[in-house]
Amino acid sequence: MVEGINFSFFWLTLWIPFLIAVFILFFLIKFPRLASALATLGMFISFGLTLLALPQFYRLHHHHLLPLESSLTWISLGSIQIEFGILINGLTILMLLIVTGVGSLIFLYSMTYMEKDEGYARYFASLSLFAFSMIGIVVSNNFIQVFIFWELVGLSSYLLIGFWYQKPEASTAGKKAFLTTRVGDVGMMLGILTLFGFLLQSGLGTFNFLQTEQNLNDAAIPAGWMTLIALGIFLGVVGKSAQVPLHVWLPDAMEGPTPVSALIHAATMVAAGVFLLARVGFLFMHSPQALTIVAWTGAVTAFLAATVALTQNDIKKILAYSTLSQLGYMVMALGLRSSEAGMFHLTTHAFFKALLFLGAGSLIHAIHTQDIWVMGAASRGERTLLPLFRKMPITSLTFIIATLALMGIPPLSGYHSKEEILTVAHHGPTPIFWFAMVTVFLTAFYMGRLVTVVFFGSDKGRLPPALEHAVSHSPSIHESGWRMTFPLVILAIFSVIGGYLPIREMLPDRSHFEMAHGHALELISLAFALSGFFIAFFLYRFFPSGISPRFAAVRAPLFVLEKKYFFDAIYDFFIKNVQDNVARLSDAVERWVIVRGAVNGTAFFTRFLGDRLRKLQTGMVQFYALLFAGGFTLILFIWILGGRA
Amino acid sequence: MIFSLPWIPLLGAITILCIPKNRIALLKSVVLASCGLSFLITLSYLFRFEIGNSGFQFVERLVWLPALGIQYQAGLDGINMTLCLLHAFVSLAGAFVACNTAVRTKEYLFFYLVLVGSIYGVFTILDLFFLYLYYEMTLIPLYPMIIIWGSKNKEYGAMKLTLFITAGAVVALFGILLFYHNLGLETFDLIQIREVLRQAGGLNHAFQKFLTPFLLLGFGVIASLWPLHSWSPIGYAAAPTSVSMLHAGVLKKMGPYFVIRLAVTFLPVGTLYWAPWLAGLAAIGILYAGMAAIWQKDLKFMVGFSSVSHMGYVLLGIAAMNPIALSGAVFLMFSHGIMAACTFALIGFLYEQTHVRGVDDFGGLGKKVPFVATCFVMAALASLGLPGFSNFVSELLVFIGSWPRFPGVVVLAVFGILVTAIYLLRAVQQVCYGPVNPRWTELQDAAQFSQKLPFVLLLGALLVFGFWPHGLLRVIQPTVGAILP
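Since the structure is predicted, the reported quantities are computational estimates derived from the model, not experimental observations.

Engineer: Can you break down the overall build of chain B residue by residue, with the values?
Structural biologist: Secondary structure assignment for chain B yields 20 helices and two strands. For 485 residues, the compact-globule estimate of 2.2 N^0.38 gives 23 Å, and chain B sits close to it at 21 Å. Its C-alpha atoms give chain B principal-axis dimensions of about 70 × 55 × 40 Å. Restricting the contact set of chain B to residue pairs at least 6 apart, pairs at least 24 apart contribute 82%.

Below you can see the structure in the form of structure tokens.
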């Protein structure tokens, strides 16, 4: 007999970041250094606790005793129980390791990166809140709890994206993130309500994941409704994991501090959506139509985002679109019934994307620009070979490693997970497979462009005057202290070896269809990746000023890409012309129909009546007597008539 | 001593009349003491409240006019316990705000205590006659308070508010009289009526269906049921801060309270019959007022429309006639009341110093007045139903409970939370974020304890019951379960 798992580890992992956030908010706002140290320590403790629980987990996993859950009743109303609990299975442990592990590195990194900011303590309070919300999603054992933390993740991202709230762009981006993801949350709420309604009809009103899974067959939900439920919940995923068409908030979220971008893009928030898809995969298994839509949404997102990334000039925006594209891969894999491949890629992606963002942050911190052209030019002043490599060796090297991992070059981690996804896609519909394949090429191309311009740029290119100015004013470039480089090194190590970690073994073996690793597939995707990289390398090495001036034919498509397929323009148009007009109409109805018409109309009518009736008060006794006599006669008449009848 | 809840503030009001008007400090301490004492007594009732008891507790009775069956009888069940708690929080917070009144302080504080006392009366009394009496009594101080101490178009606002609510009261009174006569019991004793009706199996169904609209419409006016809501935004905008707090926070909850107390309890068949209409109007109110709030330029108008929109959720919860939704509705009355009071207190705090309250008049307050700005953000988050604040739990329960009966309306209502987020985040951004507006370099943050306390009290209540909703739901639920057929 194997002993159970010690749940107190997980309760602590969950609540420590929250308590620290509250403590900082109340007591440490004036002591930023202490706040940052405490928050970072707390995150490392949470990570340590998760590690401590690992042996227990493996023992249980080995004996097939998972999942386990522990919960307390949060709300109890007659037939309805809403729990607050912890559900432990491989998925939970894997996500916990990612969130707390990558999270602690980002906390550590932030200690240096945000050092000079006046909101230092507030930053760490929000960051801890973010970690708390994300851990909450991961451990949740029911739909309502997931929804609660889902919203809290929205709040944390709102606070952190809009961290520099005095900057209008930042506060707008924060608001946009909150509202866009809330569109998804509406769908999610409706999905949960519908599901609950059906379960209640079948006699078991529960929000619990495991119970729902067990009772789903008995509930006999009609197929159409099942699809609606799944799609409602998927809408929440589309919002949080930034899939087309609700992806628009993610690039704007770059307004937040760079470590926050790393956190949002690697370990939290966008990962939450993919995680939820894996968590409630059992719902989707009941609805093939929903799965098809999920797969297509992922594929389209992967492709569209990769194309937009080709034209961006801001290093963080390129990485943001890259995240969108990679998330598309994960969602696509889940849509093709392979939560394994999706979660595997989520894990490796967490390593190398966090590394890319932190590397970008290191560059931004040193060079004080986000424009890749300026970055490249700024480091090129002294005409030595590969100047950035000399000045910032750790950042440069780890950034290149992460790039290669993202492109899927063997034997780095990204290769393994991407290969898995491509295999899954190969077994899926052909167009989806080709979307995925082309995206491999595009990914290599935009990353090739990025690193060529920043690290390998030729000094032959003539810079526009505006950039010359920026370059001449950039300070001497150097690495920024161990708290920023240490996380880079650790993440680089994991980006390299991540593919060999026993990740797939942790996941529940639900749809474990063993797939033949075709060598042909590997070779093709490798060829796509390498050709993408080298085409970009040569193009941007030898046409440093960009390709559009030379090739007129690409201008029109480039314009579409630069405008990001007009999504933002369409939404702005919708907000201006539909939402605002409905609001204006409501206001006008209120003003003119209800107030002016009905209410004041009544008042006017009353006054008018009063005015006319006043004329009856003539003051002449004879007139009153006449009225009196008339009235008396009338009453008498009615009385007599009534008496007769 | 349940009688003491309304009488302490009323006695306080009389005491104020005896104090010379230049003894400001003494006047203020009387107000704070009476509101504080009532607050503590209410808390003591909450702690002594017997969980699981669905009937009335702490009942006290004073025979007044036996010939007409009128007695001064008071007591608490889960529903009015919750509302008394709401009123205790809001009236205490409002007392701190009311004490800042600069002109004619004595008169204002007198009216304030009369208002507070009569609201306590409404929420504790269990006799139809005195219920109506206390209800009318709340209207008396409101009119002068708005006319004298109000702002911006105050005559129109006061007139409209008073006329609307009085008109609603007349319609409802007609319904109550019909009810009284049809009952033929010759008593106004709510406990007795309930007992008799329970034994007799309820009133004639046709009569219930005929009577219910009078009560729904009459009390719907107070609950700002669409389209009878138009007094509400302008009334709040015109009223001085502490009146807006009490009105949006507490007085407005009388509408749903009366509907639950009279229509749902005594006319279940009639209410069930008209429920789809109520739910439909509630849905229109949620979306329409939410959309109108997006277009408002004045913060107080925005919050006014917001409260119309939120009352839609309460009415929807009532219309569902189901224990979960109704518990949610009562819980939401509490949550929304606290949140609305907090928002009006914040706007009032800013208005007092700046004499503007346009959405785009401020900017950068996060930098300038961090405490107030933080509270403003928190109140907005509570209002848009963020988990952690009790508003989330209550709205969630309304959704879950109403879903089986009115799925279509719930879909619209869930969209309402998106609309709410739109106008609130927009307001937060324009008021608190962005660069500091150079117009307000003189603006002072809430620094003293007495300035911070109202906000801490109100937001604290939302957070406590947001994390621990069971604390209130266990009080509400047994009563709600017993009321519904």
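Engineer: Could you give me a rundown of the overall build of chain A, with the residues and numbers involved?
Structural biologist: Helix and strand content of chain A: 26 helices and two strands. For chain A, buried positions account for 54% of its 645 residues. Sequence separation of 24 or more characterises 81% of the internal contacts of chain A that already satisfy a separation of 6 or more.

Engineer: So what's going on with the pairing of strand β1 (residues 68-77) of chain A? Residues and values would help.
Structural biologist: All names here are of chain A. Alignment of β1 against strand β2 (residues 80-88), held across nine bridges, turns out to be antiparallel. Looking at β2, one finds that Leu77 is bridged to Ile80. Joining the antiparallel neighbours β1 and β2 is a turn of two residues, in which Gly78 adopts a positive phi near 55°.

Engineer: Please set out the interface of chain B and chain A residue by residue, giving values where relevant.
Structural biologist: Listed as interface residues are 39 residues of chain B and, on the opposing side, 35 residues of chain A. Those elements that provide at least two residues to the side of chain B that touches chain A are α12 (268-294), α14 (323-354), α15 (365-368), α17 (390-402), α18 (407-432) and α20 (470-483) of chain B. Looking at which element gives the most residues to the side of chain B that touches chain A, the answer is α18(B), with 10 residues. When its residues are assigned to classes, the side of chain B that touches chain A shows 29 nonpolar, nine polar and one charged.

Engineer: Describe helix α18 (residues 393-407) of chain A, naming the residues involved and giving the relevant values.
Structural biologist: Residues and elements named next belong to chain A. The terminal C-alpha atoms of α18, which comprises 15 residues, lie 21 Å apart, in line with the 21 Å expected from a rise of 1.5 Å per residue. Taking burial as the measure, the 15 residues of α18 include 11 buried ones, the bulk of the element. Those residues of α18 lying buried are Thr395, Ser396, Thr398, Phe399, Ile401, Ala402, Thr403, Leu404, Ala405, Leu406 and Met407. Looking one or two residues past α18, Gly408 carries a phi angle of roughly 85°, positive in sign.

Engineer: Tell me about the confidence of the model for chain B, and please be specific about residues and values.
Structural biologist: Looking at chain B, pLDDT values average 88 and 100% of them are 70 or higher. The ipTM value of the predicted complex is 0.90, and its pTM value is 0.89.

Engineer: Quick rundown of the pairing of strand β1 (residues 57-65) of chain B? Include the residues and the values.
Structural biologist: Residues and elements named next belong to chain B. Pairing analysis gives six bridges linking β1 to strand β2 (residues 70-76), with the strands arranged antiparallel. Counted as the bridge partner of Val63 is Gln71 from β2. Hairpin remark: β1 followed by β2, antiparallel, with four residues in the connecting loop; positive phi at Gly69, about 70°.

Engineer: So what's going on with the environment of Ser402(B)? Which residues, and what values?
Structural biologist: Residues and elements named next belong to chain B. If you trace the backbone, Ser402 turns up in helix α17. Ser402 gets classed as buried once you count the C-beta atoms within 10 Å, which come to 29. When the C-alpha atoms of Ser402 and Asn322 are compared, they prove to be 7.4 Å apart, with 80 residues separating the residues in sequence. Ser402 has contacts with Leu316, Gly317, Ala320, Ala325, Val409 and Val410, leaving out every residue within four places of it along the chain.

Engineer: Summarise the packing of helix α2 (residues 24-48) of chain B against helix α3 (residues 78-98) of chain B; cite the residues concerned and give the values.
Structural biologist: Residue and element names in this part refer to chain B. One can describe the packing of α2 onto α3 by two numbers: an axis separation of 9 Å at closest approach and a directional angle of 160°. Between α2 and α3, the crossing angle belongs to the class labelled roughly antiparallel. Crossing geometry of α2 relative to α3 is assigned as left-handed. Across the interface between the two elements, Val31, Leu32, Cys35, Gly36, Ser38, Phe39, Thr42, Tyr45 and Leu46 from α2 touch Met81, Cys84, Leu85, Ala88, Ser91, Leu92, Ala95 and Ala98 from α3. Tallied by class, residues from the contact of α2 with α3 come to 13 nonpolar, four polar and no charged.

Engineer: Explain unusual backbone geometry to me, and be specific about the residues and the numbers.
Structural biologist: Excluding glycine, a negative phi dihedral is what most residues carry, and trans is how most peptide bonds are arranged. Following Pro410(A), the chain continues to Pro411(A) via a peptide bond in cis, the omega torsion being 5°. Mapping Pro411(A) onto the fold places it in the loop between α18 and α19 (413-427). That bond from Trp226(B) to Pro227(B) is cis: its omega, 0°, falls within 30 degrees of zero. Positionally, Pro227(B) belongs in the loop between α8 (205-222) and α9 (231-238). Unusually for a residue other than glycine, Phe58(B) sits at a positive phi of about 55°.

The rules behind the values
- Residues numbered from 1 in each chain as written.
- Chains lettered and ligands numbered in written order.
- Predicted model: local features only at pLDDT ≥ 70, side-chain atom pairs only at ≥ 80, totals over all residues.
- Helix = DSSP H or I, 4+ residues; strand = E, 2+ residues; numbered from the N terminus.
- Rg over C-alpha atoms; globule rule 2.2 N^0.38 Å.
- Contact = placed C-beta atoms within 7 Å.
- Buried ≥ 20, exposed ≤ 12 C-beta atoms within 10 Å, placed from the backbone.
- Pairing = 2+ DSSP bridges.
- Nonpolar A, V, L, I, M, F, W, Y, C, P; charged D, E, K, R; others polar.
- Expected span 1.5 Å × (residues − 1).
- pLDDT = per-residue confidence, 0-100.
- Axes fitted to C-alpha atoms, helices over the stretch in contact; angles between N-to-C directions.
- Parallel < 35°, antiparallel > 145°, perpendicular 65-115°, else oblique.
- Left-handed = near helix turned anticlockwise from the far one by under 90°.

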